[in-house]
Amino acid sequence: MALMQGRFIDNIGRVYTIYTGGFLAFIILMAILEQLGVGADTIGILFVAFTIAIYAIIGWLSRTMEVDAYYVAGRQVPAVYNGMATAADWMSGASFVALAGGVYFGGYGYMAFIVGWTGGYVLVNSLMAPYLRKFGCYTVPDFIGTRYGGNLARLCAVIVLVVASFTYVTAQIDATGTIAARALHIPYHYGVWFGLLGILLCSMLGGMRAVTWTQVAQYIVLIVAYLVPVIWMSNAQGFGVIPHFTYGEAASSMTKFEAMYGLNPPLEAIKGLSVLTTPHTGPVGDYAEWKFVTLALCMMAGTASLPHILMRYFTTPSVRSARKSVAWSLLFIFMLYFTAPALATLTKLQLLDPSLPTAIIGKPFAEVASLDWIRNWSDVGFLAIADQNGDGILQLNEFFMRPDIVVLATPEIAGLPYVISGLVAAGGMAAAMSTADGLLLAIANALSHDLYYKMIDPKADTAIRLVVARVLLLGIGALGALIASLQLTGILGAVAWAFCFACSGLFFPLALGVWWKRANREGAVAGMVAGFGAGCLYLYYVYTGGTPWFGIDHLRFGIVGMAASLIAMVVVTLMTPAPDEEIQRMVDETRVPAGPPILSAKH
Amino acid sequence: MSANDAESAKDRYWAKTRNLTIVVLVLWAFFSLVIPWLVGPLNKFTFIGFPLGYYMIAQGSLIAFVVMIWVQNWRQDAIDDEFGYGEE
């Protein structure tokens, strides 16, 4: 790396090509070792350890003591690479580990996450990213604080940001813990701390610059790890190497298998594990369509308000490249999201289709119980089979699984070599770590820049600011790991909450800040307080057993929050005087891509 | 160019940008809200072997989003260039 010092940006294509080649060579090396008889455990450990070591090296090489580099990677990240970094930042443990499992068990209803987490980028591109880039802020509260003026608005934004991101980050640390526990054979609560260590290695020294370049590396690992097993499995089942356009028959046949085995609840439920009771392809039950649309809307508005995503677009050189990089981001994200339903369908087919050798449903109970993968996952309590009707045959409602493990277990279910399981573990780790990095940085930056520097000690010099940022990073990470180790809610549940918190409090103040010149400070504060407050109260109401209104349950409380936010913001704005001329001119400037940013560099 | 001309150029620029954004948002609402609502009826049709409704929420709408952003950026770049705001 030393021979490219200072010219890393010029060599970036070459660096990542070499890196990708090296990673592929490592996979092949592992496959050879497996053939030579090296144990599965060793291979799993090597995969996870090797990839984390690479990220840590990148983190170390990107260390910096400059404010601009620490907060916005020096604003020189090319659009394509920022797209990759955003994709890794975005695709969390939930997308990688839990999404296909959600589709497997939830069918139609869970596909709202897929539509929501891609469609949200249309909002990011249309309403937010180019304008926030033009503004030239370091953090999202920086925009709110400058556009509306005053410390109160800034403080409200910081609070919403911290609550949303912190909810999200505990889920990510939870995911790293789950993967580390399985891959390294250590107890979950050690896995959590091990995961945190890896995360901090990437972000502590180099801030946004280090996180950017590790995220690009992590994207490459995670997308390879996601696609390889699906392609392999699909090829083995005769759907060709690109299953996305050919698995239609498998999707259509699900109705047949569902009728054959029956979608019945288990005779005796097992806590924390699920059986398949939802049809694969279509809506069922009251409010099914309404629930889909409300969940998708919360996820989309949440995407456009989550600070760790928006701040990625502060790192590009220009407004145009910010837009371009949103387009790249969505393309890279799309690669995984249109694969997830394919993965869920093919895995289900493996288990259900009696003509495949891997099928287990309808097979003699004792035979299934002796399978290696069933035993491995039962041992850690993530899977269970129980012959509850005593007929000696495994029925569909006697096969219990934690939805989170579908992706991780798929290679073993399909009988792929262990090297693939190791690869998937490394991919899941990359996904969870990259998101956790982005989130921790968003929180620490908001607290150090907006709370400490802008509100508490505006005279603080650079060195102090960056030390404060790092200490906060460490403290918040430790707190996140502590809470994650309590395992309060599932991975996907916690993520949905984070999106709802973000869209309740921030969506309208951010969007209207650009799109409605009349919007003023009082309105924005009212919008944030009312939206976030209403969202929290409603969440508390449903979570403690209140009857949801129109099926709006705890996953989609953002609908209530956003409605309250919009009404409060519009009403209060119209009741109070319009913002002064200087602010109005600032909004005009924000809308024009050319010219200097609103906030000066190194503000 | 007088200050007034510059102001009216800015206004025209913003009107064009806003119209483009509205078109994109209408398409966005169609693919993200209307289509998922109709999955049940759409599933009666088959598309390359898939039930059509399932296909749309698993792939179709996603492809539409990707295409929309690329087209939007291409149009927006053209608007920027027309008003001389395209310089980096």
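Residues numbered from 1 in each chain as written. Chains lettered and ligands numbered in written order. Predicted model: local features only at pLDDT ≥ 70, side-chain atom pairs only at ≥ 80, totals over all residues. Heavy atoms only, no water.

Peer 1: Report on the overall build of chain A, specifying residues and quantitative values.
Peer 2: Scanning chain A from N- to C-terminus turns up 24 helices and two strands. For a compact globule of 603 residues, the expected C-alpha radius of gyration is about 25 Å, and chain A comes in at 24 Å, within 12% of that figure. Dimensions of chain A, computed from C-alpha atoms along their principal axes, come out at roughly 75 × 60 × 40 Å. Looking at the 603 residues of chain A, the share that counts as buried comes to 64%. Contacts in chain A between residues far apart in sequence, at least 24 positions, make up 82% of those at least 6 positions apart. Carbon and sulfur atoms make up 66% of the accessible area of chain A, which totals about 20100 Å². (Helix = DSSP H or I, 4+ residues; strand = E, 2+ residues; numbered from the N terminus. Rg over C-alpha atoms; globule rule 2.2 N^0.38 Å. Buried < 20%, exposed > 50% of the residue type's maximum accessible area, 1.4 Å probe, protein only. Contact = heavy atoms within 4.5 Å. Areas by Shrake-Rupley, 256 points an atom, 1.4 Å probe, with all protein chains shown as cover.)

Peer 1: Mind laying out the interface of chain A and chain B, listing which residues take part and the relevant values?
Peer 2: It is common to report an interface's size as the accessible area lost on association of the parts. Each side of the interface is counted separately: chain A has 51 residues, and chain B has 41 residues. Across the interface of chain A and chain B, roughly 4200 Å² is buried in total on both sides, 70% from carbon and sulfur atoms. It is V122(A), R320(A) and R323(A) in chain A that bury the most area against chain B; as a group they hold 14% of the surface buried on that side. Connecting chain A to chain B are five salt bridges. Among the salt bridges present, the one from K10(B) reaches E589(A), with a minimum N-O distance of 2.8 Å. Across the contact surface, chain A and chain B share twelve residue pairs in polar contact (both at pLDDT 80 or more). (Buried area = accessible area lost by both parts, 1.4 Å probe. Salt bridge = Lys/Arg side-chain N within 4 Å of Asp/Glu carboxyl O. Polar contact = N/O pair within 3.5 Å; in protein donor to acceptor, adjacent residues only side chain to side chain.)

Peer 1: Please provide a residue-by-residue account of the packing of aromatic side chains, values included.
Peer 2: In this structure the tally under the stated criterion is 38 aromatic pairs over all chains. These aromatic residues form a ring-pair network of at least three members: W90(A), Y110(A), F113(A), W117(A), Y121(A), Y168(A), Y337(A) and F499(A). Between the NZ or CZ atom of K348(A) and the centre of the ring of Y104(A), over which it lies, the distance is 5.4 Å. Against the face of W74(B) rests R75(B), its NZ or CZ located 4.9 Å from the ring centre. (Phe/Tyr/Trp six-rings, centres within 6.5 Å; stacked < 30°, edge-to-face > 60°. Lys NZ or Arg CZ within 6 Å of the ring centre and 35° of its normal.)

Peer 1: Break down the packing of helix α14 (residues 319-337) of chain A against helix α3 (residues 52-82) of chain B for me, with residues and values.
Peer 2: At their nearest, the axes of α14(A) and α3(B) sit 10 Å apart, and the two run at 170° to each other. Classed by the angle they form, the pair α14(A) and α3(B) counts as roughly antiparallel. Facing α14(A), whose interface residues are R320(A), R323(A), K324(A), V326(A), A327(A), W328(A), L330(A), L331(A), F334(A) and Y337(A), α3(B) presents A58(B), L62(B), I63(B), F65(B), V66(B), I69(B), W70(B), N73(B), Q76(B), D77(B), D80(B) and D81(B). Residue composition of the contact of α14(A) with α3(B), grouped by class: 14 nonpolar, two polar and six charged. (Axes fitted to C-alpha atoms, helices over the stretch in contact; angles between N-to-C directions. Parallel < 35°, antiparallel > 145°, perpendicular 65-115°, else oblique. Nonpolar A, V, L, I, M, F, W, Y, C, P; charged D, E, K, R; others polar.)

Peer 1: Tell me about helix α12 (residues 288-303) of chain A, residues and numbers included.
Peer 2: Residue and element names in this part refer to chain A. If you check α12, its first and last C-alpha atoms are 22 Å apart, about what 16 residues at 1.5 Å a residue would give, namely 22 Å. Taken across its 16 residues, α12 has twelve buried, putting it largely inside the fold. Within the sequence span of α12, burial applies to A288, F292, V293, T294, L295, A296, C298, M299, M300, A301, G302 and T303. (Expected span 1.5 Å × (residues − 1).)

Peer 1: Requested: an account of the side chain of N445(A), with residues and values cited.
Peer 2: Its location among the elements puts N445(A) in helix α19 (residues 418-456). In this view, N445(A) contacts Y70(A), Y71(A), T139(A) and D450(A); residues no more than four positions away in its chain are not counted.

Peer 1: I'd like a description of the confidence of the model for chain B, backed by residues and values.
Peer 2: On average, chain B scores 85 in pLDDT, and the residues at 70 or more come to 94%. Considering each helix and strand of chain B separately, the mean pLDDT is smallest for helix α2 (residues 39-42) of chain B, with a value of 80, and largest for α3(B), with 89. (pLDDT = per-residue confidence, 0-100.)

Peer 1: Talk me through the UniProt feature "domain: Sodium symporter small subunit" (unreviewed entry) in chain B; I want residue IDs and the actual numbers.
Peer 2: According to UniProt, the "domain: Sodium symporter small subunit" (unreviewed entry) feature falls on residues 11-85 of chain B. Taken as a whole, residues 11-85 of chain B contains 83% helix and 5% strand, while its terminal C-alpha atoms sit 13 Å from one another. (UniProt positions renumbered as here; feature names shortened; annotations may be inferred.)

Peer 1: How would you summarise the pattern of salt bridges if you had to cite specific residues and measurements?
Peer 2: Going through the model one piece at a time under the given rule, you end up with ten salt bridges over all chains. With a closest N to O distance of 3.0 Å, K16(B) and E82(B) form a salt bridge. On the criterion of sequence distance, the pair formed by K16(B) in helix α1 (residues 3-37) and E82(B) in helix α3 is long-range, its members being 66 residues apart. Overlapping salt bridges, with partners in common, bring together R320(A), R323(A), D77(B), D80(B) and D81(B) in one network.

Peer 1: Would you mind going over the nonpolar core in detail, with residue names and values included?
Peer 2: Ranked by internal contacts, the top residues of the largest apolar core, which has 240 residues, are Y16(A), F96(A), W117(A), Y121(A), Y337(A), F399(A) and F507(A). Per element, the largest residue contribution to this core is 19 residues, and it comes from α19(A). The contacts of F507(A), once residues within four sequence positions are left out, are L123(A), L127(A), M128(A), A301(A), A304(A), S305(A), A502(A) and M562(A). The next biggest cluster of nonpolar side chains, apart from the first, holds eight residues, and it includes A594(A), A9(B), L20(B) and I79(B). (Core = buried A, V, L, I, M, F, W, Y, C linked by side-chain atoms within 4.5 Å.)

Peer 1: Describe the environment of P243(A), listing the residues and the values that go with them.
Peer 2: Residues and elements named next belong to chain A. Mapped onto the elements, P243 comes out in the loop between α10 (207-236) and α11 (248-261). For the pair P243 and M575, spaced 332 residues apart in the sequence, the C-alpha separation amounts to 56 Å. Other than its neighbours up to four places away in sequence, P243 contacts V230, S234 and L346.

Peer 1: Which residues make up the UniProt feature "transmembrane region" (unreviewed entry) in chain B, and what are the values?
Peer 2: Residues and elements named next belong to chain B. Residues annotated in UniProt with the feature "transmembrane region" (unreviewed entry) correspond here to residues 20-40 and 52-71. Between the first and last C-alpha atoms of residues 20-40 the distance is 32 Å; the span itself is 95% helix and 0% strand. With 100% helix and 0% strand, residues 52-71 has its two end C-alpha atoms placed 25 Å apart.

Peer 1: Can you lay out the packing of helix α15 (residues 340-352) of chain A against helix α18 (residues 406-413) of chain A for me, pointing to particular residues and giving the numbers?
Peer 2: Residue and element names in this part refer to chain A. Contact geometry of α15 with α18 gives a least axis separation of 11 Å together with a crossing angle of 45°. As summarised for this structure, α15 and α18 are arranged oblique, according to the angle between their axes. The two elements α15 and α18 meet at a crossing, and its hand is left-handed. On the side of α15, the interface is formed by L343, T347, Q350 and L351, while α18 contributes V406, V407, T410 and I413. Looking at the contact of α15 with α18 residue by residue, the class counts come to five nonpolar, three polar and no charged. (Left-handed = near helix turned anticlockwise from the far one by under 90°.)

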